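Coordinate inspection notes
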Protein chains: 6
Amino acid sequence: MPYVNIRITREGATAEQKRELIAGVTDLLQRTLGKNPATTVVTIDEVELENWGIGGLPVLDYRAQATGKAKP
Amino acid sequence: MPYVNIRITREGATAEQKRELIAGVTDLLQRTLGKNPATTVVTIDEVELENWGIGGLPVLDYRAQATGKAKP
Amino acid sequence: MPYVNIRITREGATAEQKRELIAGVTDLLQRTLGKNPATTVVTIDEVELENWGIGGLPVLDYRAQATGKAKP
Amino acid sequence: MPYVNIRITREGATAEQKRELIAGVTDLLQRTLGKNPATTVVTIDEVELENWGIGGLPVLDYRAQATGKAKP
Amino acid sequence: MPYVNIRITREGATAEQKRELIAGVTDLLQRTLGKNPATTVVTIDEVELENWGIGGLPVLDYRAQATGKAKP
Amino acid sequence: MPYVNIRITREGATAEQKRELIAGVTDLLQRTLGKNPATTVVTIDEVELENWGIGGLPVLDYRAQATGKAKP
C-alpha cells in the first residue's frame, strides 16, 4: 500500500525508463518491507527545468555555473 | 484551512467533474471537521498514464494484464 | 487508483472523523470519475499548529488576530 | 538539504519571477535555519486554474463571485 | 537532483530498512536515469494506520475485512 | 492562494524560526507574484533524520562521511 512520488527534471525520460523506475521501486519495497506490489502506487512528476532550483539557482543556471562537474 | 491534493491519471476529467470534486471535498471537510470553505484549498493533479505505476507496472500495462477486471 | 492527500492542522480529529473523510473522498471519486475504491488511496496528514501558516502568520497568531471571525 | 515545493496557479509566472522565488526561498532558509544552499531543492508546480479550488469553487468561479476584492 | 517521497504506514520500519530504501532508490535513479546520488534526496513518511485509507476504509478495517488475503 | 510546503530535517527548529519562514515565504510570494497573503498557505514538515536520505545515505551517515564539510 505504499505511495511513492518520484520528482525529476523534465529531460526526456523515456517510457521504458519510467517502466524501470516503477518496477524497481515496487520491487525494492517488496524486498525491503514486504509490501504488496498490487497496492503499491508510484507516480513520476517531470518538472520543467526553469521550475526546479538548487543552490539558489534554476537548474540550467546552476549547471552553467558548475560546468564540467558531475551532472546534478 | 485544509489543503487537499487529489492525484488522478490524466484521462479526460472534465471541468465539470473537477468542479464536483472541489465542491465535494470542501463540503466533506466542512461537514466532518467544521472546516471553513473560504480557506480550504483543493488541487487536482492529472498524471500522464506512463507516469503512474501500480502492481510494478505502468497503468496501461497493468490494465492490459488485468483486462476484463474492474477498472483500477 | 487515485491518491488523495488531506492536510489538516493537528486539532484532535477522531478516528471516526478520519474514517468519514476516507469513506467520503473514496465515494466522491467513485461517483464523480468512476474510480475503483479498491485502489483509491487516501492519506491524512495532521500538521502541528506552529507548522501551519496562513496570512503570513502561524495559525494561532492568525486566529488571535482574527478572533471572533469564522474559524479558518 | 531542505526541499521546498511551491504550488501556484498557472498564470504566466515568468522565468525571472521563478528565479526570484528560488533564490528568495533558498536565502530565507539559509538566514533562518543556516541551511546549505548547495543542497536546498526548490520546485515550483504551476497548476491549471480549473484544477485549483478554494471556497468550494474552481478559482475562476471563486474570483467571479468575489469580483472586485483582492486577487486571491 | 531527484526528490523521492516514500509514504508507508507506520508499522515499525527499522533504521536499517530505511537505509536500504534510501540506498536502493538512489541507486535505481543512478542506474536508470544517470542521476547524481550527491543531489538525490529521499524522504520517508510514516503515516499512522488510522490516517491511511484504501478501499474506502482505514487500513485496519480494510485488513480485518480482507483477513486471510495478501497484506496490502 | 499559493500553497508552499517546506520539508526540513527535525533538528529543533524553534517556533520563532518557523514564524520567520512562514512570514518570509508569504512576503516573497507577495513581492514576486503579487499573491494575496490572506490565502497563502505554508506548511512545514519536520522529517526524522533517519527518514531523510541524501547521497544514498541517511543524513547522519552522510554527515559522518562528510565530516568537516559544510552542513548539508
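About the thresholds
Each chain carries its own residue numbering, running from 1 in the direction its sequence is written. Each chain takes a letter, starting from A, and each ligand takes a number, starting from 1, following the order in which they are written. Where totals are concerned, whole chains, interfaces and linings use all residues; where local detail is concerned, this predicted model gives features only for residues with pLDDT of at least 70, and gives and counts side-chain atom pairs only at 80 or more. Processing note: side-chain calculations cover all non-hydrogen atoms of the structure and skip hydrogens and water entirely. The way it works is that DSSP assigns letters per residue, a run of H or I at least four long becomes a helix, a run of E at least two long becomes a strand, and they are numbered from the N terminus. The globule rule used here is 2.2 Å times the number of residues to the 0.38 power, and the radius of gyration it is set against is calculated over C-alpha atoms. Burial status follows relative accessibility: with a 1.4 Å probe on protein chains alone, a residue under 20% of its type maximum counts as buried, one over 50% as exposed, and anything between as partly exposed. By definition in these notes, contact holds between two residues if any of their heavy atoms fall within 4.5 Å. Here the Shrake-Rupley method, with its probe set to 1.4 Å, supplies the accessible areas, and only the displayed protein chains count as covering residues. The sign given to each residue is positive for Lys and Arg and negative for Asp and Glu; His and the chain ends receive no count. Note on charges: their place is set at NZ of Lys, CZ of Arg, CG of Asp or CD of Glu. The copies were overlaid by least squares, fitting only the C-alpha atoms of residues that reach a pLDDT of 70 or more in each copy. Any carboxyl oxygen of Asp or Glu that lies within 4 Å of a side-chain nitrogen of Lys or Arg is treated as forming a salt bridge with it. Accessible area that two parts lose when put together, with a 1.4 Å probe and added across both, is what the buried area reports. What qualifies as a polar contact is a pair of N or O atoms within 3.5 Å, subject to a donor-acceptor requirement within protein and to the restriction that residues adjacent in sequence count only when both atoms come from side chains. Polarity classes work like this: nonpolar for Ala, Val, Leu, Ile, Met, Phe, Trp, Tyr, Cys and Pro, charged for Asp, Glu, Lys and Arg, and polar for all others, with Gly in that last group. Between any two strands, at least two bridges found by DSSP are needed for them to pair.

Let us now look at the overall build of chain A. The helix and strand tally for chain A stands at two helices and four strands. Reading chain A from its N terminus to its C terminus gives the helix and strand order β-α-β-β-β-α. Since a compact globule built from 72 residues should have a radius of gyration of about 11 Å, the 15 Å found for chain A marks it as more spread out than a globular shape. The principal-axis extent of the C-alpha atoms belonging to chain A is close to 45 × 20 × 20 Å. Classification of the 72 residues of chain A by burial places 62% in the buried group. Once local pairs closer than 6 in sequence are excluded, the contacts in chain A between residues at least 24 apart make up 64%. About 2800 Å² of surface is accessible on chain A, with carbon and sulfur atoms providing 52% of the total. With 9 positive and 9 negative side-chain charges, chain A shows a separation of 5 Å between the mean positions of the two kinds.

With that out of the way, let us pick up the relation of the copies chain E and chain A. With an RMSD of 0.0 Å, the operation that places chain E on chain A is a rotation of 180° combined with a shift of 0.0 Å along the axis. Here the copies are linked by what is in effect a two-fold axis. Proximity to the rotation axis, assessed at the C-alpha, singles out asparagine 5 of chain E in chain E; its C-alpha lies 2.6 Å from the axis. Most of the interface of chain E is mirrored in chain A, where 100% of its interface residues are also at the interface.

Residues and elements named next belong to chain E. Here the structure, examined in full by the defined rule, presents 60 salt bridges over all chains. A salt bridge links glutamate 11 to arginine 63; the nearest nitrogen and oxygen atoms lie 2.8 Å apart. In this pair, glutamate 11 sits in the loop between β1 (3-9) and α1 (15-33) while arginine 63 sits in helix α2 (residues 59-65), placing the two residues 52 residues apart along the sequence. Residue classification places arginine 63 among the buried positions, given a relative accessible area of 19%.

What follows is about the interface of chain E and chain A. Counting residues at the interface gives 29 residues for chain E, matched by 29 residues for chain A. Contact between chain E and chain A buries roughly 2700 Å² in total, counting both sides, with carbon and sulfur atoms accounting for 69%. Taken together, chain E and chain A are joined by two salt bridges. Note that lysine 35 of chain E and glutamate 11 of chain A form a salt bridge whose closest N and O atoms lie 3.7 Å from each other. Along the contact surface separating chain E from chain A lie seven residue pairs in polar contact (both at pLDDT 80 or more). Looking at the side of chain E that touches chain A, the elements with two or more residues in it are β1, α1 and β3 (52-54) of chain E.

Moving on, we come to the interface of chain F and chain D. Listed per partner, the contact involves 29 residues of chain F and 29 residues of chain D. Roughly 2700 Å² is buried in total at the junction of chain F and chain D, and carbon and sulfur atoms are behind 69% of that figure. The three residues of chain F that bury the most area against chain D are Met1, Thr32 and Leu33 of chain F, which together make up 23% of that side's buried surface. Counting the contacts that link chain F with chain D gives two salt bridges. Here chain F and chain D share seven residue pairs in polar contact (both at pLDDT 80 or more) between them. Along the lines of polarity and charge, the residues of the side of chain F that touches chain D split into 17 nonpolar, seven polar and five charged. The sheet contact formed by strand β1 (residues 3-9) of chain D and strand β1 (residues 3-9) of chain F spans five bridges and is antiparallel. For arginine 7 of chain D, the partnering residue across the bridge sits in β1 of chain F and is tyrosine 3 of chain F.

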